[in-house]
Structure formats: structure tokens, C-alpha cells
Amino acid sequence: MEKPGVFTQKEGNMDGVKEWFTSDDDRYYVDYEGVELALRCKVHDFVYTLDKADTIKAECTACGLTGTLQIQRPPHIKVNDGESPEAITHAVNIPQGDAKVQYFKAKGEEKAPERGDPLDAAPTGVGRYWAEITLGTGDNSATAHVVYTIVKDDPQVVVPSAQATYGQKLGEVALENPEGNVEGDWEWVDDSLVVGPVGPNIFKANFMPDDEDSYNPVLNVDVTVTIGQAETPMKYVEEQTVKRSTAPHSRGQR
């Protein structure tokens, strides 16, 4: 037990007594554990180093205890997925204490990202971000970080249907966005196509969301168009009266 402090045995029965020996150094105490006396830190003196980009390693200079703190990307990685935008921290054997995760925009190449402008809170919109946490202060500190991307959402849409008349082109057939879909417009892939024979026919359409920053378009969707008969044009025959001349014919008059 070559540790700082003078250890004094407490009076009374040692059974059930947590600190059977005490020290004049507040960092240590001694537990009675059956046969052996185990010296343990009451207050650890950690040295922090960066083990990996996302992991801080801590080692107590007094008792040798080691621990780690890892930062992980948030569950929220797609716009409107309903997941938390907060990064996850996982500590083993070391307290996180008051250390808070800070957020920044990420910049640079994908394989060599850099920390960009700071953010006031965890981001929720589309973009590439940097989250970090620091343990310790001054020269005895380490900062772990994680880079992650929040991508556009793929909207779940109700597919519209349409009515057309035989002989029409798709450009003449309107597509309404069904209620419950995100705001946007439906467009025919090829609006020059003739709708075809009477009955249900299928044509391709694209959905283009109004909020292009948050949603991807939905492309090449099968849309059923029901084609009805065209009205038969009525022919109008004008009655014509042919009058026959009754004037006498003149022959060879000179």
C-alpha cells in the first residue's frame, strides 16, 4: 500500500463497515474485503488522451484505473425521421461530468473532414456535420469527434389516378396531389403520349416536392388513367333544293 496518506484503523466491528481504514489524503480509502485489504481512489486523477478519433481514453495516475468515453453519431440521419438529433456518448469507468457535446458544420473532403462554423444546437436539416466532446482542461484534455450526414427524406406518397377521354394526350390530363401527401406536383414523364384505347391504362409520372431541400423526388411512378369513350360527332346535312330551269332552249338562232 505504497500510497500517500496515513491510514488509521477505525474502532468497532469491521464487519459491514465500508471504510474500515481511513486516510488523511481524501483521495484514498481502504476496504476490508475478507482476507485482503484493497486500496482504492476516492477521487481519481485522470490523464486524458485520444485513443481514436471518436474515443477518449482516461487513466488514473493514482490507482491505474482506465476508462473510455466514445461519441457516436445521432439516430437522426434523415430529415423528418422522428429520431433524436443529439449525438450519443458512451462512458466506461469515467464520468462525463459537465462535458457537453458541441456541434459544427463539417467542411472539406469526405475522407478528410474539418470542423466548420459552430452551431447553437444539434442540427436537424440536411447537411454534413461535426459533433465533439472534450474531457479535461488545458494541457490535460482530449477531444473526440464524429462526422455525420443528414440526408433528404424519401416521401411516402399516395399515388393519384386520372380520367381521360379517348384521343386525348397526357398533357391534357390533370394530375391532382392526393390529400395527406407532402406539398408538391405530379408531372407526366412524357405528356405527348396519346392515352390509348378505352379502359384503364398505366402511364409513368414523377412527384416533385415543393420542399426540395428536405425531400427527394419520387420518379417513374405507375399511374392508372381510365379512358372513356369520346362523343360521336353529329353530322349536319344541309337540305339543298335544285331548281330546274323552264326557259325554252334556243337552237341555232342567228
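Residues numbered from 1 in each chain as written. Predicted model: local features only at pLDDT ≥ 70, side-chain atom pairs only at ≥ 80, totals over all residues. Heavy atoms only, no water.

Student: For this particular structure, what's the right way to read the side chain of His-76?
Tutor: By the element assignment, His-76 lies in the loop between strand 7 (66–72) and strand 8 (88–92). In this structure His-76 touches Asp-81, Glu-83, Ser-84, Pro-85, Pro-123, Thr-124 and Ile-150, once residues within four positions along its chain are discounted. (Helix = DSSP H or I, 4+ residues; strand = E, 2+ residues; numbered from the N terminus. Contact = heavy atoms within 4.5 Å.)

Student: I'm lost on the state of the cysteines in this one. Help?
Tutor: Two cysteines, two sulfur atoms, one covalent bond between them: this is a disulfide. Counted under the stated rule, the structure contains zero disulfides. Here Cys-60 stays unpaired: no disulfide links it, and the sulfur of Cys-63, its closest cysteine neighbor, is 3.6 Å away. What makes Cys-63 partly exposed here is its relative accessible area of 36%. (Disulfide = S-S within 2.5 Å. Buried < 20%, exposed > 50% of the residue type's maximum accessible area, 1.4 Å probe, protein only.)

Student: Hey, could you run me through the pattern of salt bridges in this one?
Tutor: Pairing is possible between side chains of opposite charge, provided their charged atoms come close. Enumeration over the complete set of coordinates arrives at three salt bridges. Put simply, Lys-78 and Asp-154 hold a salt bridge, and the shortest N to O gap is 3.9 Å. Taken as a pair, Lys-78 in the loop between strand 7 and strand 8 and Asp-154 in the loop between strand 12 (140–150) and strand 13 (162–165) lie far apart in primary sequence, 76 residues in all. With a relative accessible area of 40%, Asp-154 lands in the partly exposed category. (Salt bridge = Lys/Arg side-chain N within 4 Å of Asp/Glu carboxyl O.)

Student: It is not clear to me how the confidence of the model for the chain should be interpreted in this structure. Could you clarify?
Tutor: Low-pLDDT stretches of the model should not have their predicted coordinates read in fine detail. The pLDDT averaged across the chain works out to 84; a share of 75% of its residues lies at or above 70. Counted against residues more than four places away or in other chains, residues 1–7, with its pLDDT under 50, gives 20 contacts. (pLDDT = per-residue confidence, 0-100.)

Student: Can you walk me through the sheet that holds strand 16 (residues 218–228) in this structure?
Tutor: Two modes of strand pairing occur in sheets, parallel and antiparallel, and in both the strands are linked by backbone hydrogen bonds. The mixed open sheet is built from four strands, whose spatial order is 13-16-15-14. Both edges of this open sheet fall to strand 13 and strand 14 (184–188), since each of them pairs with a single strand only. In this sheet, adjacent strand axes meet at a mean angle of 45 degrees when their direction is disregarded. For strand 15 (residues 199–209) and strand 16, the ladder comprises eight bridges, and the chain directions are antiparallel. In the sheet register, Lys-204 faces strand 16, and the bridge partner there is Asp-222. (Pairing = 2+ DSSP bridges. Axes fitted to C-alpha atoms, helices over the stretch in contact; angles between N-to-C directions.)

Student: Just checking my understanding: could you explain the pairing of strand 7 for this structure?
Tutor: One face of the sheet, then the other: side chains in a regular strand alternate in exactly this way. Because side chains alternate across strand 7, one face comprises the buried residues Gly-67, Leu-69 and Ile-71, and the other comprises Thr-66, Thr-68, Gln-70 and Gln-72, none of which is buried. Here strand 6 (residues 55–60) runs beside strand 7; their pairing, made up of five bridges, is antiparallel. Directly across from Thr-55, in strand 7, lies its bridge partner Gln-70. Counting the residues in the hairpin turn of strand 6 and strand 7 gives five residues, including Gly-64, whose phi is positive at 85 degrees. Pairing of strand 7 with strand 8 involves five bridges; the strand directions are antiparallel. Residue Gln-70 lies in a different strand from strand 8, and its bridge partner there is His-90.

Student: It is not clear to me how the pairing of strand 14 should be interpreted in this structure. Could you clarify?
Tutor: Because side chains alternate across strand 14, one face comprises the buried residues Gly-184, Trp-186 and Trp-188, and the other comprises Asp-185 and Glu-187, none of which is buried. Examined bridge by bridge, strand 14 and strand 15 share five bridges and lie antiparallel to one another. The partner of Asp-185 across the bridge, within strand 15, is Met-208.

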